[in-house]
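Descriptive structure summary
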Amino acid sequence: MAIAFRTERLSRTFGSVRALDDLSLEVPVGAVFGLLGPNGAGKTTTIRLLLGLIEPTSGRAEVLGFDAATQGQQIRDRVGALLEHTGLYERLSAEDNLDYFASIWNMTGATKRDRIEELLTHFGLWDRRNDRVGTWSRGMKQKLAIARTIVHRPPLVFLDEPTAGLDPAASASLREDIVTLARENGTTVFLTTHNLTEAERICALVAVIRGGKLVALGEPGQLRARAGRAVIRVTGTGFTADGVADALRARPDVAEVTVTDRVLEIVPNGATDTSTLVPWLISRGVTIDELRRETASLEDVYLSLMEDGQ
Amino acid sequence: MIREIGVVMRKELKEMGVEGGGRRARLTPLVGLLVAGGLFPFNFGVRYVLPETMLLMGMLLPALFVLPIVADTFAGERERHTLETLLATRLPDRAILFGKLGAIVFYAFVLSVASLLLGVITVNVAHPEARPLLAPAAIYARTLIEIVLVATLMTGIGLLISLGASTVRQAQQRFSMVLLVPMLIPAVIGGLPARLREPIREMLASGRLTPARLLLGALVVLNVVILGIAMQRFQRSRLITA
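Residues numbered from 1 in each chain as written. Chains lettered and ligands numbered in written order. Predicted model: local features only at pLDDT ≥ 70, side-chain atom pairs only at ≥ 80, totals over all residues. Heavy atoms only, no water.

1. So, the overall build of chain A
The cut-off we apply is this: Helix and strand assignments follow DSSP, with helices taken as H or I runs no shorter than four residues and strands as E runs no shorter than two, numbered in order from the N terminus. With C-alpha atoms as the basis for the radius of gyration, the globule rule is written as 2.2 Å multiplied by the number of residues raised to the power 0.38. The classification of residues rests on relative accessible area computed with a 1.4 Å probe and restricted to protein chains. Under 20% of the type maximum is buried, over 50% is exposed, and intermediate values are partly exposed. Pairs of residues are marked as contacts when any of their non-hydrogen atoms sit within 4.5 Å. In these tables, accessible area is a Shrake-Rupley quantity obtained with a 1.4 Å probe, and a residue counts as shielded only by the protein chains included in the view. A positive count includes Lys and Arg, and a negative count includes Asp and Glu. His and the chain ends are not counted in either. The location of each charge is read from NZ of Lys, CZ of Arg, CG of Asp or CD of Glu.
The number of helices and strands found in chain A is eleven helices and 14 strands. What you see for chain A is a C-alpha radius of gyration of 24 Å, clearly larger than the 19 Å of a compact globule of 310 residues, by over 25%. Projected onto its principal axes, the C-alpha positions of chain A cover 80 × 50 × 35 Å. For chain A, the residues scored as buried account for 49% of the 310 residues in total. Counted over contacts in chain A with a minimum sequence separation of 6, partners at least 24 positions apart contribute 67%. Entry remark: accessible area of chain A is about 13,800 Å², with carbon and sulfur atoms responsible for 46%. Across chain A, the 36 positively charged side chains and the 41 negatively charged ones have centroids separated by 3 Å.

Below, the structure is given as structure tokens:
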């Protein structure tokens, strides 16, 4: 499996603050990788280190086969980056912005013009291409910034909170674009986000950092499974009838039961077959309105990891 | 590298052209042109074409056009949050530095030359009795060299200040302080002991060293020093964490 980037015990301190502490991870080519963490966790520092914009205090990072500390120029030659701010020149038009960045990456003539038209059309910005970017909405600017990031078709892109401040429709559209980028073009995406639902939907691999330290790394499903057991939540009546809760607890496939007036929560012991559970409950006089198997979301995992650290 | 410098220069010039919504950007150099090509020559009258006046114009004109824009180079990019994105591109450090420098020097040079031409028209219109009023070609050639050197020096100093400033306002304030230094030069020279002043006076009197040659020589040396410092100080990591 080819590796897009890896870090080995990567650390960076600013004065007395350890912004990144022994970060070790490895991301394969073509994956959408999500780096999650609260503000000040070290996400932006990680991106800056991988881009070779700052040097590590210790450890090393390798991006597309290049050492980030000594070959930053070669890395920046091959990647695209949307950092904390859109970084657009607001006095210039959208077309001029893309033209500048395409020229930086040695694109010329018809290749450049066609690519700019393709991207502006794809993001629905073609009709406003001659407007000064400063007059645009945040959503439009963010789309243009993404277009700028991928104008030269880089094999690896860094997106620092790309959907921050966007409305739900714009966010969904952007998520779709990111997935398409990885799926159809084989681009590796390094994404930082506070939106855990977003990370869960689009990331193949997720890392959580807190205080500069890596606290979890894996596929979203793996992290959810690691976080805790699933819960079967039954809504209905008759749960408080004599013997129902005790009989449930006696079942070998049930680990824990919590009963309230209208809700029965069952923590299964391994794989509980709900198709046998439903007739079992009905036979004891329970009326079922709804039965749902709930697993821990990435948000639950994240919050529990953050609580552990406090 | 040359190509990349050209890319940065083109973008910088484009931004200068549309700054502040266009009207202000076009008005600022226009006012400069009217003052430098209209008011100055009108006040100087026939003396405008004298070598001494040309030497003075070679100092004043580029300064007039560099001053309003140079503080914006890096401090402006930092203030508008575009600097980090620029630094994350494949552009080499020197392409960014010299692209910005080249754009401002070019802008100042074009407007300075336009001011000189306008100045010649102004004095000839104002003094028809003395027409044609023109300085010798060699004086104009020397003035053009001087304009390039002064524009490069002022831009170099401005870039250095802008590199370390967090806002445009801060850069402008620091630059204003630096501009006080040349005003102190006569006082410093006057304060020199006679044994140091005497050789200079003798060289100037003998004609081996003219004030113009002294000035151009000093500008070349200062340019080398300032650009050397700017290249040394332009470091991505320093700019990101500043």
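2. So, the pairing of strand S4 (residues 58-63) of chain A
Residue and element names in this part refer to chain A. Threshold: Strand pairing follows a simple DSSP-based rule, namely that at least 2 bridges must link the two strands.
Pairing of strand S1 (residues 3-14) with S4, which is carried by five bridges, proceeds in the antiparallel orientation. Across the sheet, Thr7 pairs through a bridge with Ala61, a residue of S4. In this sheet, strand S5 (residues 66-67) lies alongside S4 in antiparallel orientation, the contact comprising two bridges. By the bridge assignment, Val63 is partnered in S5 with Phe66.

3. Comments concerning the interface of chain B and chain A
Basically, it comes down to this: Buried area counts how much accessible surface, traced with a 1.4 Å probe, disappears from two parts once they are put together, with both parts' losses summed. Each reported salt bridge corresponds to a side-chain nitrogen of Lys or Arg within 4 Å of a carboxyl oxygen of Asp or Glu. Polar contact is the term for a pair of N or O atoms within 3.5 Å; when the atoms are in protein, one must be able to donate a hydrogen and the other to accept it, and sequence-neighboring residues count only if both atoms are side-chain atoms.
Contact residues are listed per partner, giving 29 residues for chain B and 30 residues for chain A. Taken together, both faces of the contact between chain B and chain A bury some 2,800 Å²; the carbon and sulfur share is 58%. Its largest share of buried area at the contact with chain A, chain B owes to B:Thr85, B:Ala88 and B:Arg90, together 23% of the area lost on that side. Linking chain B with chain A are five salt bridges. Inspection of the region where chain B meets chain A yields ten residue pairs in polar contact (both at pLDDT 80 or more).

4. Quick word on the sheet that holds strand S7 (residues 156-160) of chain A
Residue and element names in this part refer to chain A. Cut-off, in case you're wondering: As a rule, the C-alpha atoms of each element are fitted with a line to give its axis, helices using only the stretch in contact, and angles between N-to-C directions run from 0 to 180 degrees.
Spatially, the six strands line up as an open sheet ordered S6-S7-S8-S3-S9-S10, and their pairing is mixed. Looking at which strands have only one partner, the edges of the open sheet turn out to be strand S6 (79-82) and strand S10 (213-218). Taken pair by pair, the neighbouring strands of this sheet meet at an average axis angle of 15 degrees, ignoring direction. Pairing analysis gives five bridges linking S7 to strand S8 (residues 188-193), with the strands arranged parallel. Looking at S8, one finds that Asp160 is bridged to Thr192. In this fold helix H1 (residues 43-50) packs onto strand S3 (32-36), S7, S8 and strand S9 (205-210), with an angle of close to 150 degrees to the strand it touches most, S8. On the sheet, helix H6 (residues 168-185) packs against S3, S7 and S8 and is oriented at approximately 155 degrees with respect to S8.

5. Considering empty space enclosed by the protein
In plain terms, the rule: Lining residues are those with an atom within 4 Å of a point, where the points come from a 1 Å grid over the protein atoms alone and group into cavities, where a 1.4 Å probe fits but cannot get out, or pockets, open sets with protein on both sides within 12 Å along at least five of seven lines. Grid points are joined across faces, edges and corners, and a volume is the space filled by probe spheres set on the points. Each residue is assigned to one of three groups, with Ala, Val, Leu, Ile, Met, Phe, Trp, Tyr, Cys and Pro labelled nonpolar, Asp, Glu, Lys and Arg labelled charged, and all others, Gly among them, labelled polar.
Under the defined criterion, the tally for this structure stands at two cavities of 30 Å³ or more. There is about 120 Å³ of room inside the largest cavity. Lining the largest cavity are 13 residues, with A:Arg91, B:Glu12, B:Met16, B:Ile69 and B:Asp72 sitting closest to its centre. When residues of the lining of the largest cavity are traced back to their parent elements, those giving at least two are helix H1 (2-18), helix H4 (72-79) and helix H6 (93-126) of chain B. Residue contributions to the lining of the largest cavity peak at four residues, all from H1(B). When the residues that make up the lining of the largest cavity are grouped by side-chain class, the tally is three nonpolar, one polar and nine charged. The calculated volume of the second largest cavity comes to roughly 70 Å³. Taken together, A:Gly80, A:Ala81, A:Phe101, A:Trp105, A:Arg148, A:Thr149, A:His152, B:Thr85, B:Ala88 and B:Thr89 make up the full set of residues lining the second largest cavity. Broken down by secondary-structure element, the contributors of at least two residues to the lining of the second largest cavity are S6 and helix H5 (138-150) of chain A.

6. What to know about the packing of helix H3 (residues 51-70) of chain B against helix H7 (residues 137-164) of chain B
All names here are of chain B. The cut-off we apply is this: Should an angle lie under 35 degrees it is considered roughly parallel, over 145 roughly antiparallel, and from 65 to 115 roughly perpendicular; all remaining angles are considered oblique. By convention, the crossing between two helices is left-handed when the near helix turns anticlockwise from the far helix through less than a right angle, and right-handed when the turn is clockwise.
Closest axis-to-axis distance for the H3/H7 pair is 8 Å, and the angle between their directions is 30 degrees. Between H3 and H7, the angle is such that the two are roughly parallel. Classified by chirality, the crossing of H7 by H3 is right-handed. Broken down by class, the residue content of the contact of H3 with H7 amounts to 16 nonpolar, five polar and two charged.

7. Description of the pairing of S7(A)
All names here are of chain A. For S7, a buried count of five out of five residues is recorded, marking the element as mostly surrounded by other parts of the structure. Burial along S7 is two-sided: the face carrying Leu156, Phe158 and Asp160 and the face carrying Val157 and Leu159 are both buried. As paired elements, S6 and S7 share four bridges and run parallel to each other. Directly across from Val79, in S7, lies its bridge partner Leu156.

8. Structural notes on the side chain of A:Asp177
Residues and elements named next belong to chain A. Looking at the secondary structure, you find Asp177 in helix H6. A distance of 2.8 Å separates the side chain of Asp177 from the side chain of His122, its partner in a polar contact. Non-local contacts of Asp177, meaning those with residues more than four positions away in its chain, are made with His122 and Phe123.

9. Here's the deal with H7(B)
Inclusion rule: Helices are assigned an expected span. That span is 1.5 Å times one less than the residue count.
Its 28 residues give H7(B) an end-to-end C-alpha distance of 41 Å, which sits within 8% of 40 Å, the value for a rise of 1.5 Å per residue. The element H7(B) is largely enclosed, with a buried count of 20 among its 28 residues.

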